[in-house]
Amino acid sequence: MTTTTDRAPRTGPALPEARGPLSARVRAALTAPEVPAVDTAGAATADPYGEDLHVALHTLYELHYRGFAGVPEDHEWHPALMPLRRALEERFLGALRADVPGGRDVAEVFDGLLVEPADHTGSVAYHLEHEGTGEQLREYAALRSLYHLKEADPHLWVVPRLTGRAKAGMVAIQYDEYGAGRAEGMHARLFADLMTDLGLETRYGHYVDAAPAPALAVVNMMSLFGLRRSLRAALVGHFAAVEVTSSPGSRRIAAAMRRTGAGPAAEHFYAEHVEADAVHEQVVRREVIGGLLADEPGLAADVAFGAEATDLLEDHLAAHLLGAWREGRSALRGHPGRALTHRTGQAAESRRREPSWRSGTS
């Protein structure tokens, strides 16, 4: 007979370290022989953008992706965890709704996103292109790995919740994200190759403990929107905002990789997104958003909310990164120098070998 313990994976990411009472309760529950009822005290008043809340949410959400070494797979929907997760989600979602300006229609929101601001002082991509150091590029990649090593996975949850043009358009874009049927062309694989060029560890979830709350919040928002059918239009808005803004930012970061001699795979990942996302931007606006709102016009405000919430959280992350770098500090938590140097010997080797993307990409 198979027991719950037998179904606990022996490999996978380690559980994140706790950063406060909420995340400590989640960690304790997942490591207990039997999951106890988890106290929700403090969730309703926690900092909605803070370290404790976002480590707790990230840990609970990761049960739906790769899980954790030693944590039974049945814990994904364990009823003892659900009250705290919902309380954390409501706190985070409530803050997003309060802090997003609102009042603009979908066309107005996306027309604004299509224009790069003349003032680049808040742009991480502009900073990296013109003055970013190799170490800052490595920190940026380590933080973005929380999403890019599972690129597109949170967005797939919306597919069964769409119909017609919206569904067809979304699947067409996702086909590209997953390498058009070729494992070596999957964008998550291309990002792992980028990390190898930069001398970073490519294991899924490796840099979670080094990631500050603003980096976790961006990824948690995708899971929040993806796991709730009621937020399907917000996920579409988020996804569209990413596709619309990706091409110019990717062009700048590709230039930064080239300027710093980061390596061919490091440059290629962003160069690939310049072209691919320029095409995706047209499909997502015309077919995914257009199709969704033709079927369900009442969801327009949610589409706009998803896009504006994405902009808000990316601004939070940019402020954190640029604030640290301009003061000569690391943007990572803990001891980033030690965290980012253990694969440096492989970086030079990766530049000598033939990178996997030469065999074809989407």
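What this report covers is the structure whose coordinates are included nearby. On a predicted model such as this, the values are computed, not experimentally measured, just so you know.

The rules we used
- Residues numbered from 1 in each chain as written.
- Predicted model: local features only at pLDDT ≥ 70, side-chain atom pairs only at ≥ 80, totals over all residues.
- Heavy atoms only, no water.
- Helix = DSSP H or I, 4+ residues; strand = E, 2+ residues; numbered from the N terminus.
- Buried < 20%, exposed > 50% of the residue type's maximum accessible area, 1.4 Å probe, protein only.
- Contact = heavy atoms within 4.5 Å.
- Areas by Shrake-Rupley, 256 points an atom, 1.4 Å probe, with all protein chains shown as cover.
- Phe/Tyr/Trp six-rings, centres within 6.5 Å; stacked < 30°, edge-to-face > 60°.
- Lys NZ or Arg CZ within 6 Å of the ring centre and 35° of its normal.
- Core = buried A, V, L, I, M, F, W, Y, C linked by side-chain atoms within 4.5 Å.
- Salt bridge = Lys/Arg side-chain N within 4 Å of Asp/Glu carboxyl O.
- Axes fitted to C-alpha atoms, helices over the stretch in contact; angles between N-to-C directions.
- Parallel < 35°, antiparallel > 145°, perpendicular 65-115°, else oblique.
- Left-handed = near helix turned anticlockwise from the far one by under 90°.
- Nonpolar A, V, L, I, M, F, W, Y, C, P; charged D, E, K, R; others polar.

Turning our eyes to something else, we now look at the overall build of the protein. Each helix and strand counted, the protein has 15 helices and zero strands in total. Relative to its full complement of 362 residues, the protein shows a buried share of 55%. Look at the contacts in the protein between residues 6 or more apart in sequence, and 82% of them connect residues 24 or more apart. Roughly 15,200 Å² of accessible area belongs to the protein as shown, and the carbon and sulfur atoms make up 53% of that amount.

The next point concerns the packing of aromatic side chains. Applying the stated rule across the entire model yields five aromatic pairs. Their ring planes at 55° and their centres at 5.1 Å tell us that Tyr65 and Trp157 sit as a pair that is tilted. Residue Tyr65 is found in the loop between helix H2 (51-62) and helix H3 (82-99), and its partner Trp157 is found in the loop between helix H7 (153-156) and helix H8 (164-177); the two are separated by 92 residues along the sequence. By relative accessible area, which is 17% here, Tyr65 ends up buried. The class for Trp157 is partly exposed, based on a relative accessible area of 23%. Here the aromatic cluster, defined as three or more aromatic residues joined through ring pairs, consists of Phe191, Phe269 and Tyr270. We note Arg97 situated over the ring of Phe305; from NZ or CZ to the ring centre the distance is 4.5 Å.

What follows is about the environment of His320. With respect to the element layout, His320 can be found in helix H13 (residues 300-326). With a relative accessible area of 28%, His320 lands in the partly exposed category. For the pair His320 and Ala213, spaced 107 residues apart in sequence, the C-alpha separation works out to 9.5 Å.

Now for the nonpolar core. Ranked by internal contacts, the top residues of the largest apolar core, which has 110 residues, are Phe92, Phe110, Leu194 and Phe225. Here this core gets 13 residues from one element, more than from any other, and that element is H13. Those residues in contact with Phe110, other than ones at most four positions away along the chain, are Gly237, Ala240, Ala241, Val244, Arg285, Ile289, Val303 and Ala307.

Another point: the pattern of salt bridges. The final tally for this structure, using the stated rule, is 19 salt bridges. Measuring nitrogen to oxygen at the nearest pair gives 3.8 Å for the salt bridge that ties Glu51 to Arg333. Residue Glu51 is located in helix H2, and its partner Arg333 is located in the loop between H13 and helix H14 (336-339); the two are separated by 282 residues in the primary sequence. When its relative accessible area of 32% is taken as the criterion, Arg333 is described as partly exposed. We note a salt bridge from Glu89 to Arg228, for which the minimum N-O separation is 2.9 Å. Taken as a pair, Glu89 in helix H3 and Arg228 in the loop between helix H10 (213-227) and helix H11 (232-259) lie far apart in primary sequence, 139 residues in all. There is no split in this pair, since Glu89 and Arg228 are both buried. Three or more residues joined by partner-sharing salt bridges are found here, namely Arg85, Arg86, Glu89, Glu90 and Arg228.

A few words on the packing of helix H6 (residues 134-148) against H13. It is the contact of H6 with H13, at a shortest axis distance of 12 Å, that shows an interaxial angle of 150°. In terms of orientation, H6 lies roughly antiparallel with respect to H13. As for the relative orientation of H6 and H13, their crossing is right-handed in sense. Here Gln136, Glu139, Tyr140, Leu143 and Arg144 of H6 come into contact with H13, specifically with Glu314, Leu317, Leu321 and Trp325. Partitioning the contact of H6 with H13 into residue classes produces five nonpolar, one polar and three charged.

It is worth spelling out the packing of H10 against H11 at this point. Contact geometry for H10 and H11: axes closest at 7 Å, N-to-C directions at 140°. By the criterion of interaxial angle, the relationship of H10 to H11 is oblique. In the crossing of H10 with H11, the sense of the turn from one axis to the other is left-handed. Contact residues: H10 offers Met221, Met222, Phe225 and Gly226, while H11 offers Ala234, Leu235 and His238. Here the contact of H10 with H11 is built from residues that sort into five nonpolar, two polar and no charged.

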